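This is what each chain is made of:
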Amino acid sequence: MQDPVLKTEIEEWEKLSDDPKIRAAYLSRLKFILDEKAAVRDAELRLKEAIEQGRKEGREEAKKEAKEEARKQGRKEGGKEFMLEVTQKLLKRGMDVKSISEITGLSEEEIKKFM
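Remember, it's a predicted structure, so these values are computed and weren't measured experimentally. (Residues numbered from 1 in each chain as written. Predicted model: local features only at pLDDT ≥ 70, side-chain atom pairs only at ≥ 80, totals over all residues. Heavy atoms only, no water.)

Some details on the overall build of the chain
The test is simple: Numbering of helices and strands runs from the N terminus, with a helix taken as a DSSP run of H or I at least four residues long and a strand as a DSSP run of E at least two residues long. To get the radius of gyration, use the C-alpha atoms; to get the globule rule, take the number of residues to the power 0.38 and multiply by 2.2 Å. Each residue gets one of three labels from its accessible area relative to the maximum for its type: buried under 20%, exposed over 50%, partly exposed in between, using a 1.4 Å probe on protein chains only.
Secondary structure summary: the chain contains 4 helices and 0 strands in total. Order of helices (α) and strands (β) in the chain, N terminus to C terminus: α-α-α-α. Computed over the C-alpha atoms, the radius of gyration of the chain is 40 Å, more than 25% above the 13 Å expected from 2.2 N^0.38 for a compact globule of 115 residues. Seen through its principal axes, the chain has C-alpha atoms that stretch 120 × 25 × 20 Å. Of all 115 residues assigned to the chain, the portion counted as buried reaches 8%.

As structure tokens, then:
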């Protein structure tokens, strides 16, 4: 070896490598670093799982909300159709538009379309 500084450093490194206390400290530090990396990987994995679970629950909640909204809309539309039928029958029996509007909740303009 030609470089005296490099030669000295390599000799020093070899001495330190042979020292059991320094080797134990090195291995302890290495274990700590590897444990930390494993903990980070584990946390990242749990985070990904939690995000996926949240998305899944969010999709399920959205489906429930959509079904409920569809039910409400169906009732509303079905109710309106029923009110239109009732309106036609009341008009045929001679009831006035204002009274029909109060009973059915339909506007007078909607009722007048049946006249």
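Points about the pattern of salt bridges
The condition that has to hold: The salt bridge definition used is simple: a Lys or Arg side-chain nitrogen within 4 Å of an Asp or Glu carboxyl oxygen.
Applying the stated criterion across every chain yields a total of 3 salt bridges. We note a salt bridge from Asp42 to Arg46, for which the minimum N-O separation is 3.0 Å. Here Asp42 and its partner Arg46 are both found in helix α2 (residues 20–92), 4 residues apart, which amounts to about one turn of the helix. Judged by relative accessible area, Asp42 falls into the partly exposed class, the value being 37%. One salt bridge in this structure joins Arg59 and Glu52, with 3.5 Å as the shortest N-O distance.

Comments concerning a nonpolar patch on the surface
We apply this condition: Distance thresholds for patches are 9 Å for like charges and 5 Å for nonpolar side chains (Val, Leu, Ile, Met, Phe, Trp, Tyr), applied to residues having over 30% relative accessible area and no salt bridge. Exposure was quantified through the Shrake-Rupley algorithm and a 1.4 Å probe, taking into account, for residues, occlusion by the shown protein chains and nothing else.
On the surface, a cluster of nonpolar side chains totalling about 380 Å² of accessible area is made up of Tyr26, Leu27, Leu30 and Leu34. Here Leu34 lies in helix α2. Using a relative accessible area of 45% as the deciding quantity, one classes Leu34 as partly exposed.

Quick notes on the nonpolar core
Convention followed: Among the buried residues, those of types Ala, Val, Leu, Ile, Met, Phe, Trp, Tyr and Cys that are joined through side-chain atoms within 4.5 Å form a nonpolar core. Note on contacts: a residue pair is in contact if any heavy atoms of the two residues lie within 4.5 Å.
Formed by Leu90, Leu91, Val97, Ile100, Leu106 and Ile111, the largest nonpolar core amounts to 6 residues. If you list the elements that add at least two residues to this core, you get α2 and α3 (97–104). Leaving out residues up to four positions away in the same chain, Leu91 has contacts with Val97, Ile100, Ile111, Phe114 and Met115.

A word on α3
To be explicit about the condition: Directions drawn from the helix axis to the C-beta atoms are what define this arc.
Listing the buried residues of α3 in full gives Val97, Ile100, Ser101 and Thr104. Looking straight down α3, one finds its buried side chains confined to an arc of 100°; they lie on one side. The exposed residues of α3 that point more than 90 degrees off its buried face are Lys98, Glu102 and Ile103.

Quick look at the side chain of Thr87
Examined against the element boundaries, Thr87 turns out to sit in helix α2. With residues near it in sequence (within four places) discarded, Thr87 still touches Ile100, Thr104, Leu106, Ile111 and Phe114.

Topic: helix α1 (residues 4–18)
The α-helix advances 3.6 residues per turn, and as a result positions three or four apart in sequence lie on the same side. As a reminder, the rule being used: The span one expects for a helix is its residue count, reduced by one, times 1.5 Å. Whenever two N or O atoms come within 3.5 Å, that pair is a polar contact, provided that in protein one can donate a hydrogen and the other can accept it, and provided that, for residues adjacent in sequence, both atoms are side-chain atoms.
Across its 15 residues, α1 extends 21 Å between first and last C-alpha, which sits within 8% of the 21 Å expected from 1.5 Å per residue. The opening residue of α1 is Asp3, an N-cap whose side-chain oxygen sits 3.2 Å from the backbone nitrogen of Val5.

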